[in-house]
There are 2 protein chains.
Amino acid sequence: MAKKVLKFGGTSVGTIERILHVAKIIKIEHDAGHQIIAIVSAMSGKTNELLKLSKDVSENFNKRELDVLLSSGEQVTSALLAGALTEIGANSKSWLNWQIPILTDGKNLNARIVNMNIESINKFLSEKGIAIIPGFQGISREGDVTTIGRGGSDATAVAVAKIFDADTCEIYTDVDGVYSTDPNKIPVAKKIDKISYEEMLELSSVGAKVMQSSAVQTAMMYNIPLEVKSTFTNREGTKIFDQESIDYSKSVTGVAYSKDDAKITLMGVEDKPGVAANIFEPLSKNQINVDMVIQNISSDHKTTDLTFTIKRDDLSKSLKILKDNKDIKYQNLSHNDKVSKISIVGAGMVSTPGITYKMFRSLADEKINILAISTSEIKLSVIIDESDTVKAIKKLHTVFDLD
Amino acid sequence: MAKKVLKFGGTSVGTIERILHVAKIIKIEHDAGHQIIAIVSAMSGKTNELLKLSKDVSENFNKRELDVLLSSGEQVTSALLAGALTEIGANSKSWLNWQIPILTDGKNLNARIVNMNIESINKFLSEKGIAIIPGFQGISREGDVTTIGRGGSDATAVAVAKIFDADTCEIYTDVDGVYSTDPNKIPVAKKIDKISYEEMLELSSVGAKVMQSSAVQTAMMYNIPLEVKSTFTNREGTKIFDQESIDYSKSVTGVAYSKDDAKITLMGVEDKPGVAANIFEPLSKNQINVDMVIQNISSDHKTTDLTFTIKRDDLSKSLKILKDNKDIKYQNLSHNDKVSKISIVGAGMVSTPGITYKMFRSLADEKINILAISTSEIKLSVIIDESDTVKAIKKLHTVFDLD
């Protein structure tokens, strides 16, 4: 008998038929003797519908009230799922944010789960009850409703798994696992059976968006075994473990890409301490997320060139900030909004020599120009022209034996 | 400066434009120096939409979870209205059932408000804040979400007015007050400026459905001044007072009617104690609401005839109960599902002789057959053929000087 946290995303509970189907999945697990806590998202489209209502009232809607508004979505799903379980003869009960309670820190719309009271739910589980918890929300120490950011139901699931000391945390979604690259673009993409937290993080942060990254980080920190699987098929999903418990036969696990990127290069930047901070501080203050940063070694030790990538949507805002800010000194600024980032990811990379060379060689063979390069222990990313994206992914997927 | 409870029904908050309009109404009252607590219903159609979702899951949906589901409707409106008030520069905050809390007794779907904590809201009001409370709901002593029956937002408004010791309770709705009869049927119907609780009760229980009856009863019990008015016009509404503070120039205040009635007559019922209880107990246990009951005096002191009316929807169920139950003895059973009830209502009736005669005479003049009669201190009701409904209302409206 295991204690399991099962999380069902928006499309998994998008209609009443799907909610009834999810109830059956839960009942099968429960009948197998497991203790079940289910975390649910809002029905697909619901959160956007509520957001639209708020925007129709005000583009700058009161943040406290926005949390009250949005949290109703998961409340609805929780009640419907508990009702569906009752209908098929299971003993089930929803537990709202304040009933547990789920205590959070931080601001409205961006809170962080810090604790939960486990006593009454554990008692209910020991009496063969199935507990349903709305994802994405909690309450503050002041007793206000809080939400924890889009995709926050994953974070709720991992937090519940940690605080209730669950044996596994299973993320049910509309894809059947994590793939070696985007199966919609590259038909030979393969589902990965096992992956480390780190690889998962690198893959999910660059396009293969199966789980919210901060939830994977939390799972990694507390070593909570995850499994991503499909609500709609019975196929095995992808298990996400501690790196050490995975046997790496391949040096590269997957090829990820990110669309909608833009690149900015500042040439002739003064090469002295504090300059990078001067550049990135105003961007950060304006909620602009800088992804890759590449600084070339300056030959004269006086000036240097700095390249970084941002989301394409943030380009015009970023350019304005850089131009308006008198503290930022450079000789020339260029930008390119038609780029994409291609990354090869693999925990085995660090111990396999020649990966970097192999990647650059393959792209050169395809006459793909590399605009920037960035590396980490388990990832190697390049910025290329957007038009070369599919060609690059296909080539790398083949070269690294992933087909 | 007064403390005011303002309640806005489903159509009043049915769209974002209407919510913004309601915010303006509230702000005008607040700017005039009043302390405001606003009670809101779910946006029109929302509760039915949620009910339909529950029925798609199960015809016999878990009652505890149904309350969790339904209560989300008013939560959404509360957040949107508080956000709309913020948008126009007012300091406003929603207070959910558990945040106040609104303590209820009784069962799910049919709970009753017993208390609220007034401290933090009163503090907020004294700091010029506008408090928004979702109607129709509360929490039980066990900490479960409860709802208080359809139309329950009226009951919330009156309970809040009582517990917070408000000066008035204003019910904003989609009609501009209580009318002397149905203005859709009888064009000469007139809006009543002032009416007693008792008259309002009699009128609202027989068709002029402006406010939930039990809310009027509570207001009467605690002498809370009510006002029913339109959200969409600036016209004066109808004020509902204690009977003694109204000057009655007319003996009859209004003519009400109820559609969808059915009549059952049991002939040859044994005339001895306990017989009526035997008949009505099984009906009551099956949630069938018996309205008028007329028992004729028996000539032989052995058997009697018993007539009563019920909702037409309940007719076949009622007939089955009466036929199946061996404890209920009678010689003959007849029923008529094409009847309606016409009532003249007026607190001045009791002190005006000849009203009864005048009513019967008028109906006879129109060749309308009276199938049953029932009287109370401020109401005189007759059961007639449904096809005579409009003719009867028109005649009585004229005869009693209401045109």
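What you are looking at is a predicted structure, and each value in this text was computed from that prediction instead of being measured.

**Student:** Residue-level account of the sheet that holds strand β10 (residues 194–196) of chain A, with values.
**Tutor:** Strand pairing in a sheet relies on backbone hydrogen bonds. The paired strands run either parallel or antiparallel. Residue and element names in this part refer to chain A. As summarised here, the arrangement of the eight strands in space is β3-β6-β2-β1-β9-β11-β12-β10, forming an open sheet in which the pairing is mixed. In this open sheet, the two strands that pair with only one neighbour each are β3 (92–94) and β10. Looking at each pair of strands side by side, their axes are set apart by 20° on average, direction ignored. Note that strand β1 (residues 3–8) and strand β2 (residues 35–40) share six bridges and pair parallel. The partner of L6 across the bridge, within β2, is A38. Sheet strands in contact with helix α4 (residues 119–126) are β2, β3 and β6 (130–134), and its direction is about 145° off that of β6.

**Student:** Kindly report on the sheet that holds strand β14 (residues 290–295) of chain A, identifying the contributing residues and their values.
**Tutor:** Residues and elements named next belong to chain A. With antiparallel pairing, the six strands of this open sheet are ordered in space as β14-β15-β13-β16-β18-β17. Each of the sheet's edge strands pairs with one partner strand only, and the pair in question is β14 and β17 (370–376). Going from strand to strand, the sheet's axes swing by 30° on average, the running direction of each strand aside. Across the sheet, helix α10 (residues 355–365) is in contact with β16 (332–345), β17 and β18 (379–385); its angle to β18 comes to roughly 20°. Against the sheet, helix α11 (residues 389–399) engages β13 (254–270), β16 and β18, with an angle of about 30° to β16.

**Student:** Please give an account of the interface of chain A and chain B that cites residues and values.
**Tutor:** Across the boundary between the two partners, chain A contributes 29 residues, which contact 29 residues of chain B. Here the side of chain A that touches chain B gets 14 residues from one element, more than from any other, and that element is helix α3 (residues 63–87) of chain A. Each residue belonging to the side of chain A that touches chain B can be placed in one class, and the counts come to 15 nonpolar, eleven polar and three charged.

**Student:** Outline the relation of the copies chain A and chain B, supporting the account with residue identities and numerical values.
**Tutor:** Taken as rigid bodies, chain A and chain B are interconverted by a rotation of 180° and an axial shift of 0.0 Å, the fit giving an RMSD of 0.1 Å. Expressed as a symmetry operation, the mapping of one chain copy onto the other fits a two-fold axis. No C-alpha of chain A lies nearer the rotation axis than that of S72 of chain A, which sits 2.8 Å from it. A shared interface surface links the copies, since 100% of the contact residues of chain A are contact residues in chain B too.

**Student:** Break down the environment of I288 of chain A for me, citing the residues and quoting the values.
**Tutor:** Assignment of secondary structure puts I288 of chain A in the loop between α8 (275–285) and β14. Dropping the residues within four chain positions of it, I288 of chain A is found in contact with L283, I310, D314, K317 and S318 of chain A.

**Student:** Please provide a residue-by-residue account of the pairing of strand β16 (residues 332–345) of chain B, values included.
**Tutor:** For a regular strand, the rule is simple: side chains alternate between the two faces of the sheet. Residues and elements named next belong to chain B. As paired strands, strand β13 (residues 254–270) and β16 are joined by eleven bridges and run antiparallel to one another. Across the sheet, the residue bridging to S258 is K341, located in β16. Inspection of the sheet shows β16 paired to strand β18 (residues 379–385) by seven bridges, in the antiparallel sense. When the bridges of β18 are listed, S343 appears paired with S381.

**Student:** Report on the packing of helix α2 (residues 46–57) of chain A against α3 of chain A, specifying residues and quantitative values.
**Tutor:** All names here are of chain A. Closest axis-to-axis distance for the α2/α3 pair is 9 Å, and the angle between their directions is 155°. Between α2 and α3, the angle is such that the two are roughly antiparallel. The chirality of how α2 crosses α3 is right-handed. Listed contacts from α3 to K46, T47, L50 and S54 of α2 are L66, L69, L70 and G73.

**Student:** So what's going on with the domain arrangement of chain A? Residues and values would help.
**Tutor:** Domains assigned within chain A are domain 1 (3–174) and domain 2 (255–399). Between the C-alpha centres of domain 1 of chain A and domain 2 of chain A the distance comes to 38 Å.

**Student:** Give me the lowdown on the environment of K391 of chain A, citing residues and values where you can.
**Tutor:** All names here are of chain A. Inspection of the secondary structure assignment puts K391 in helix α11. Along the backbone, K391 and I186 are 205 residues apart, and their C-alpha atoms lie at a distance of 9.7 Å. Residue contacts for K391: discarding those within four places in its chain leaves E366 and I368.

**Student:** Could you give an account of unusual backbone geometry, with specific residues and numbers?
**Tutor:** Trans is the prevailing form of peptide bonds, just as negative phi is the prevailing case for residues other than glycine. Omega for the bond connecting I100 of chain A with P101 of chain A falls within 30 degrees of zero, at -20°, which places this linkage in the cis form. Note that P101 of chain A resides in the loop between β3 and β4 (102–105). A positive phi angle is found at K128 of chain B, which is not glycine, with a value near 70°.

**Student:** Just give me the short version of the nonpolar core, but keep the residues and values in it.
**Tutor:** In terms of nonpolar packing, the biggest core is built from 222 residues, with A38 and L81 of chain A together with A38, L81 and C169 of chain B touching the most fellow members. Contact partners of A38 of chain B, with chain neighbours within four places excluded, come to L6, F8, I26, L81, I130 and I132 of chain B.

**Student:** Tell me about the environment of L402 of chain A, and please be specific about residues and values.
**Tutor:** All names here are of chain A. Along the chain, L402 turns up in the segment after α11. Of the residues examined, L402 has 22 C-beta atoms within 10 Å and is grouped as buried. In this structure L402 touches S180, K190, V252, G254, V255 and H397, once residues within four positions along its chain are discounted.

**Student:** Any chance you could break down the pairing of β4 of chain A for me, citing the residues and the numbers?
**Tutor:** Residue and element names in this part refer to chain A. Covered by surrounding structure in β4 are I102 and T104 only, the residues L103 and D105 on the alternate face being uncovered. Judged from the four bridges that link them, β4 and strand β5 (residues 112–116) form a sheet pairing that is antiparallel. Counted as the bridge partner of L103 is N115 from β5. Here β4 hands over to β5 after six residues, with G106 in that stretch at a positive phi of 90°.

Rules of the game
- Residues numbered from 1 in each chain as written.
- Chains lettered and ligands numbered in written order.
- Predicted model: local features only at pLDDT ≥ 70, side-chain atom pairs only at ≥ 80, totals over all residues.
- Pairing = 2+ DSSP bridges.
- Helix = DSSP H or I, 4+ residues; strand = E, 2+ residues; numbered from the N terminus.
- Axes fitted to C-alpha atoms, helices over the stretch in contact; angles between N-to-C directions.
- Contact = placed C-beta atoms within 7 Å.
- Nonpolar A, V, L, I, M, F, W, Y, C, P; charged D, E, K, R; others polar.
- Least-squares fit on C-alpha atoms with pLDDT ≥ 70 in both.
- Parallel < 35°, antiparallel > 145°, perpendicular 65-115°, else oblique.
- Left-handed = near helix turned anticlockwise from the far one by under 90°.
- Domains from an automatic or database assignment.
- Core = buried A, V, L, I, M, F, W, Y, C linked by C-beta atoms within 7 Å.
- Buried ≥ 20, exposed ≤ 12 C-beta atoms within 10 Å, placed from the backbone.

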